[in-house]
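Residue strings, one per chain:
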6 protein chains.
Amino acid sequence: VSAGGATAETKAAVLCEALPYIRRFSGRVVVVKYGGNALADSVSDSDALGMFAEDIVLLHSIGIHVVVVHGGGPQIGALMERLGKVPEFRDGLRVTDAETLDIARMVLVGKVNRDIVGAINTHGPMAVGLSGEDAGLIRATPRDPALGYVGDITAIDPTILRQLVAEGLIPVVATIGSDTAGQAYNINADTVAGSIAEALGAEKLVFLTDIEGIRSVPADPGSLLSSIGPDEIDALVASGAIGSGMIPKATACARAVRDGVASAHILDGRVRHALLLELFTPEGVGTMVVA
Amino acid sequence: VSAGGATAETKAAVLCEALPYIRRFSGRVVVVKYGGNALADSVSDSDALGMFAEDIVLLHSIGIHVVVVHGGGPQIGALMERLGKVPEFRDGLRVTDAETLDIARMVLVGKVNRDIVGAINTHGPMAVGLSGEDAGLIRATPRDPALGYVGDITAIDPTILRQLVAEGLIPVVATIGSDTAGQAYNINADTVAGSIAEALGAEKLVFLTDIEGIRSVPADPGSLLSSIGPDEIDALVASGAIGSGMIPKATACARAVRDGVASAHILDGRVRHALLLELFTPEGVGTMVVA
Amino acid sequence: VSAGGATAETKAAVLCEALPYIRRFSGRVVVVKYGGNALADSVSDSDALGMFAEDIVLLHSIGIHVVVVHGGGPQIGALMERLGKVPEFRDGLRVTDAETLDIARMVLVGKVNRDIVGAINTHGPMAVGLSGEDAGLIRATPRDPALGYVGDITAIDPTILRQLVAEGLIPVVATIGSDTAGQAYNINADTVAGSIAEALGAEKLVFLTDIEGIRSVPADPGSLLSSIGPDEIDALVASGAIGSGMIPKATACARAVRDGVASAHILDGRVRHALLLELFTPEGVGTMVVA
Amino acid sequence: VSAGGATAETKAAVLCEALPYIRRFSGRVVVVKYGGNALADSVSDSDALGMFAEDIVLLHSIGIHVVVVHGGGPQIGALMERLGKVPEFRDGLRVTDAETLDIARMVLVGKVNRDIVGAINTHGPMAVGLSGEDAGLIRATPRDPALGYVGDITAIDPTILRQLVAEGLIPVVATIGSDTAGQAYNINADTVAGSIAEALGAEKLVFLTDIEGIRSVPADPGSLLSSIGPDEIDALVASGAIGSGMIPKATACARAVRDGVASAHILDGRVRHALLLELFTPEGVGTMVVA
Amino acid sequence: VSAGGATAETKAAVLCEALPYIRRFSGRVVVVKYGGNALADSVSDSDALGMFAEDIVLLHSIGIHVVVVHGGGPQIGALMERLGKVPEFRDGLRVTDAETLDIARMVLVGKVNRDIVGAINTHGPMAVGLSGEDAGLIRATPRDPALGYVGDITAIDPTILRQLVAEGLIPVVATIGSDTAGQAYNINADTVAGSIAEALGAEKLVFLTDIEGIRSVPADPGSLLSSIGPDEIDALVASGAIGSGMIPKATACARAVRDGVASAHILDGRVRHALLLELFTPEGVGTMVVA
Amino acid sequence: VSAGGATAETKAAVLCEALPYIRRFSGRVVVVKYGGNALADSVSDSDALGMFAEDIVLLHSIGIHVVVVHGGGPQIGALMERLGKVPEFRDGLRVTDAETLDIARMVLVGKVNRDIVGAINTHGPMAVGLSGEDAGLIRATPRDPALGYVGDITAIDPTILRQLVAEGLIPVVATIGSDTAGQAYNINADTVAGSIAEALGAEKLVFLTDIEGIRSVPADPGSLLSSIGPDEIDALVASGAIGSGMIPKATACARAVRDGVASAHILDGRVRHALLLELFTPEGVGTMVVA
């Protein structure tokens, strides 16, 4: 896509429309969750990761304090398979023994996190990878002994994130937490993104996924909701209209806006520059959650 | 003009194109000379002043440190006429006796400056009017005894401008200077704009005029120069290709880029949002002067 | 007057007496209203304006944060007359149509304000002229539709004044206010002086006038009051002992000391160096209002 | 070991001896390289890693700015073996193809770095894991096309390290570097430790190894050198007295003290609390290199 | 005593034990009262004063903010005797006429204070002598007209102490107070030490005396109390078990810990390096008072 | 003396004359040497010390950074006599054995210094007594073994003085110096005052004495010099016209103005408020030394 096709008048109109948003968001925190499936696509489509990185860098360049949170489920599964490790599930959750945790940590911190940091840093040395274990960022506790090292968040200490964004850096967070004894836990990345947005008093929480947004009728593409409140999310979850894969995102959005985040968004990461369009045009893309 | 007509793809393309410029100019100084004729038009077309003010506010909103400099020749002439004062010229320069100076000062500081400040401040209390007499901003000396209180600049003290922009304010400067004994002088506004840009180490000096730019052949609209160097300006002035009205602007541009201003621009203020297009698109409008 | 006539002993005694006041007022704000009639005199007696400027500079030089507020009624009338504009009054207030407002603004901002700034700046580049329109300093609303652009103060934002005095500058304020839509209004200068003193938490509010002070019996020079409380002012206004021209000053003094200004003063500006004598000697001159 | 066995007199003597060192090193940077073999031991002897972490925390607690650098050769080999990847060597250096680099990065950043961070953070949330890719910390270039992604350092940007230690945090650095295009490289950890010490102007560079120090006669334990200069190191390397495994450490020490690091140390990490003894007692342990 | 006799293992054990205390006390205030009798000994045993100074300097060197308070009763008596002045006592308190006060002040401020400052400053220019008269440090009122210039503390202004320790200096305080009219008074040094510790929110208040500590049974050395609470002190004073010389120290300790000082200590200054042992070993020496 | 006798016009004239000096000296350092004989007078005439203190406080109150330096020869002699100590002189200099030094130190630091501090602090807690031994203020070396502890200045470290004046305090300096081994020395107070003025880059150095100033002809009161240069001082010393008691003052003045102090003054302290008259009136009193 080249902007050369637009007339001067169109360009001026787009700029007039966008500049007030740019002003409004400058100096504010935007937490972006970059999802496992998007990452899986990025493996096959390196341009997708590159475009994501470009958007992050553009936001950063105009003074937005961006924090990236990521998961990596498919990538963990792939390494387990290579190592001949058979996954075990209970109630849809992966049982995580010590070896599985080691694999998850290597993949999230040593592979996926590194790839995102590397993609951003082709634009300049501004990204810094973090694990939730660093500087007490994510404190966790075991969810259920039967699940092993699957953790729930007990506290977020956003100090290290504040310091890094204050220095003009972009933190990229792998969602491994730890308890005070130093034991690590694997944590749901959607939940972490929401909790970090709350802890930072973020302006926006954005989930980049591979669907268009939330539908009121799952099977009906025409029922896509452009805006929704947290109570409606609760109702859609209760009625089953929001399916299992979307539940952590949708409930993280609902909780975040209830806890002071100005708005939360579920965007279709397959739309080119979806982040820019959502932040800087009045129409937006995907589903926005506001209190 | 509404941006609604642009597709999402076009909007994304314009934004991708514009954001790096926004980054580059944030925190930098841009000095904008708003001309007498543009002002005269504004009297009949209040929307022109309103759109100018809107562009200034948009630049300011994204962190650009804007300083506005203005003249007001036609407005001075109008009040002189109402007061029955007959203008006298020598070599094309208005002879300025004490009463004429008083009139010029009332018009520039008490009328034109106020109108510009007022137009900007409809967007919020961010503009502050200044005369060059304030805080030693413009020190002047008489050009020629025969011309009375017509002054040449001896020194610019940009301290007050730096303080105001540091406080997030937009200085609007009327081009009256003074000597150390407190005597005021009327100074050419184009020259003042250039000297202020130099003193502030501005990123850009922009003249908003009512012509398209500099032409290599005065009578040939097709000879409009989109870019030019200071030496070429000297040559065009020497050859007479740059006419009398344009000389102060053109020579101010040449001197400014020689003295460290990154670029100087002569724009057609009749193009809507010419400032935005010049700053945030690669094509630009009008003539750019670079070293 | 030369101090040479005083003996060393007298000089030491005056200094011992004055230095504690100098200490007490250093770093404090003193708002000085320089009146229309004093200004009218200054036209004929340029030495009066020069001596006023000298006193302001002396106060400034020892660390007092001086803010000057001025009116200019006689000067406005003079220009209206020259332009053939017939004044119209209702209940003693000038009906201010758009053209009258333009004239008032030109005279106050472009003439009177400039003359005061110029007189101060003969001692160094320390004065900066402001209109109440600048940076939201004076927010106004129309008093009465029948009076046109005569305004009442709705809010004072003293930020710009604080910034300028913090930079070692002397703000000189012309009393034009504006509403949020950018419309200008002419405001009573005595009232503005009082409101600014309150907004700044000034140590002193001083009105330099052409009378000796407040008398308890208007016709009796011997009834001059050297000190008075705000309740007594209310009573004298109610009884008619304080006449119409003095009412805005007297009520501004009463309100200011009720709102936290330490003392307010009505001084005879015709006494040479009245400001110095009032601030630095125990006897003072004129009438002091204290809570 | 309990200090209870020491008499009050002995304790006072040890304290008198140690306090001046504590004073001298407070606020100074100490770079500690924790070696691959020590790490391998830690796997079997978790107490070794725990004691290392305890020493690091004690140094940190008294105001020393500690930066930890680590390798992980044995651990990389182990994962390669599990994944059925056959190592290939040229001239003693591992040929590193893309897959090997991915494995190295996962092990170093996602496993070894995490284990060290976790061990320190059992004492409080003070460690932060970093890869040399973060924030441009280690810029690298390929050493030899035949070796694949084995890198040489081209530049160290210690800004992120300075920021973290200024915030009271302990950076733990995995020695992956990157070029400006975002390509990662595996770098020799001894060399990185030395370069970081130089870039930070460290007070001390310490290699914790599994040997006693440098011997002048390799086979003679009695020839252990307690102190040595950089020129002597050059001579011992030239003569072959310093063997291949020790060469990167010894030459990093020599270069560091030549480039402004006050002293470099090769310590026997198997001695309990070797770091404390080296820093806070006059005898020291192992070999010290001084200019 | 040389630390050379300790093995590496013992040294490491002592350091591991001491470093956490060093961390805990760094940046905290410790007020040390150096007593009259210790001073008297110092005259005969200059090494005692030298060792005291060495300990103070060591504490200072590791970031502890040390404030020294001293008395000088025996030294005052000696000069009075030389000047042929006969002491007079009432209820055990010295009657202090103007001449006695002059002598006390000369001895405390001009002799004892100087000797302590000089002993510390042999290690570097870090001590500064103060009298309680300086900068309003100790405000006093006469205790009893019959006693003359014997004062009780009415207020402590610790500002000057905070400024000096913030500059890295060690204040040494002679316990002369003054009233607002400038009259000086001699004040009990134990009481001053306690009040200063309270005013500074000190971590510790330490009395260096010539006894081992507080005994529950005065005549029984085996009844030495290593730890005691303020209520127990009250009881021991009431029962007479704490004798007259110890009462000011013991009650100052009780009051200080009740007013927020973390712990107060009565140490035997004859034990070499008693201060170091008390602060940096778990056993401590003497009697500790905690709330 | 009451200022009430002066007319308003006289007062205004004195103030106009004085305020520019007040401005000029605000924030500048003035070092005042208060002499031994003045002190001796003060004993008999406590009002003299009180008036000196009042002047110091007035200077301080208007932002002048005052540093007081004092001697105390007569007072030292008096205590020696009371203690039956026989003074011994060589070439007019007092031989100072250890006991004499102890006496000098007690008198200067513990008596004279205290009296000056106390007199100032009756106006508020602003004075702080210092000895040159404090914080390395005056480093000294023995002048001549035969003279004992008579010292010459080797270095002035004005850090502690700068800190105290920055905190709004008035340092009062007793002129005892010390060497790095902690040995104290008695130093000529006139020389110390000059050296401190140089080290602080003082605006003025003032000697308050009991004579009118420097005469070109010692016996002729009419030959009093109101102004003199350093070379003339050298000549008058060489010719013997400046007598022995005045030599240290005169040479300190000459050296100070050569080393950057703007002016040095020898004033007659018996003139009431001589300091105020010198600083704030154009005539001055006594002899001024300028480069």
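Shown above is the structure to which this text applies.
Residues numbered from 1 in each chain as written. Chains lettered and ligands numbered in written order. Predicted model: local features only at pLDDT ≥ 70, side-chain atom pairs only at ≥ 80, totals over all residues. Heavy atoms only, no water.

Some words on the environment of C:V285
All names here are of chain C. Tracing the backbone shows V285 in the loop between α10 (274–280) and β14 (287–289). The spatial distance from the C-alpha of V285 to the C-alpha of E212 is 8.2 Å, given a sequence separation of 73 residues. In this structure, V285 is in contact with L267, A274, L277 and E278, ignoring residues within four places of it in sequence. (Helix = DSSP H or I, 4+ residues; strand = E, 2+ residues; numbered from the N terminus. Contact = heavy atoms within 4.5 Å.)

Structural notes on the pattern of salt bridges
By the definition in use, this model includes 132 salt bridges over all chains. A salt bridge links A:R82 to D:E99; its shortest N-O distance comes to 2.7 Å. Note that A:R82 is positioned in helix α4 (residues 73–82) and D:E99 in helix α5 (residues 98–121), a pairing that runs across two chains. In this structure, the salt-bridge partner of F:R215 is F:E212, at a minimum N-O distance of 3.3 Å. F:R215 gets classed as partly exposed once you look at its relative accessible area, which sits at 26%. Overall, the relative accessible area of 34% leaves F:E212 in the partly exposed class. A network of salt bridges, in which partner residues are shared, links A:D102, A:R105, A:E133, A:D134, D:K111, D:R114 and D:D115. (Salt bridge = Lys/Arg side-chain N within 4 Å of Asp/Glu carboxyl O. Buried < 20%, exposed > 50% of the residue type's maximum accessible area, 1.4 Å probe, protein only.)

Topic: the sheet that holds strand β8 (residues 170–174) of chain D
Residues and elements named next belong to chain D. Taking strand neighbours across the sheet as the criterion, the eight strands line up as β5-β8-β2-β1-β11-β13-β14-β12 in an open arrangement whose pairing is mixed. With one partner strand each, in any of the chains shown, β5 (127–131) and β12 (227–228) form the two edges of the open sheet. Strand direction decides the pairing type here: β5 and β8, joined by five bridges, are parallel. By the bridge assignment for β8, L130 is matched with V173. (Pairing = 2+ DSSP bridges.)

Points about the sheet that holds strand β8 (residues 170–174) of chain C
All names here are of chain C. Ordered by their spatial adjacency, eight strands build an open sheet running β5-β8-β2-β1-β11-β13-β14-β12, and the pairing between neighbours is mixed. With partners counted over all chains shown, the strands left at the sheet margins are β5 (127–131) and β12 (227–228), one partner each. Where strand β1 (residues 29–34) meets strand β11 (residues 204–209), five bridges bridge the pair, whose relative direction is parallel. Bridge pairing in β11 links V30 to K204.

Regarding the interface of chain B and chain C
Accessible area lost on assembly of the parts is the figure often given for the size of an interface. Contacts between the two partners involve 36 residues from chain B and, on the opposite side, 36 residues from chain C. Between chain B and chain C we count ten salt bridges in total. Across the salt bridge formed by B:E133 and C:R114, the nearest N and O atoms sit 3.2 Å from each other. Counting the contacts that link chain B with chain C gives 18 residue pairs in polar contact (both at pLDDT 80 or more). Sorting the residues of the side of chain B that touches chain C by element identifies α4 (73–82), α5 (98–121), β5 (127–131) and α6 (159–166) of chain B as the ones contributing at least two each. Per-element accounting of the side of chain B that touches chain C gives the leading share, 13 residues, to α5(B). When its residues are assigned to classes, the side of chain B that touches chain C shows 15 nonpolar, ten polar and eleven charged. (Polar contact = N/O pair within 3.5 Å; in protein donor to acceptor, adjacent residues only side chain to side chain. Nonpolar A, V, L, I, M, F, W, Y, C, P; charged D, E, K, R; others polar.)

Regarding the nonpolar core
A:F280, B:F280, C:F280, D:F280, E:F280 and F:F280 are the most contacted members of the largest nonpolar core, which has 336 residues in total. Ignoring sequence-local partners within four residues, the contact set of C:F280 consists of C:E17, C:A18, C:Y21, C:I22, C:F25, C:L59, C:I62, C:I64, F:L15 and F:L19. Membership of the second largest hydrophobic core comes to 90 residues, among which are E:I214, F:V31, F:F207 and F:M246. (Core = buried A, V, L, I, M, F, W, Y, C linked by side-chain atoms within 4.5 Å.)

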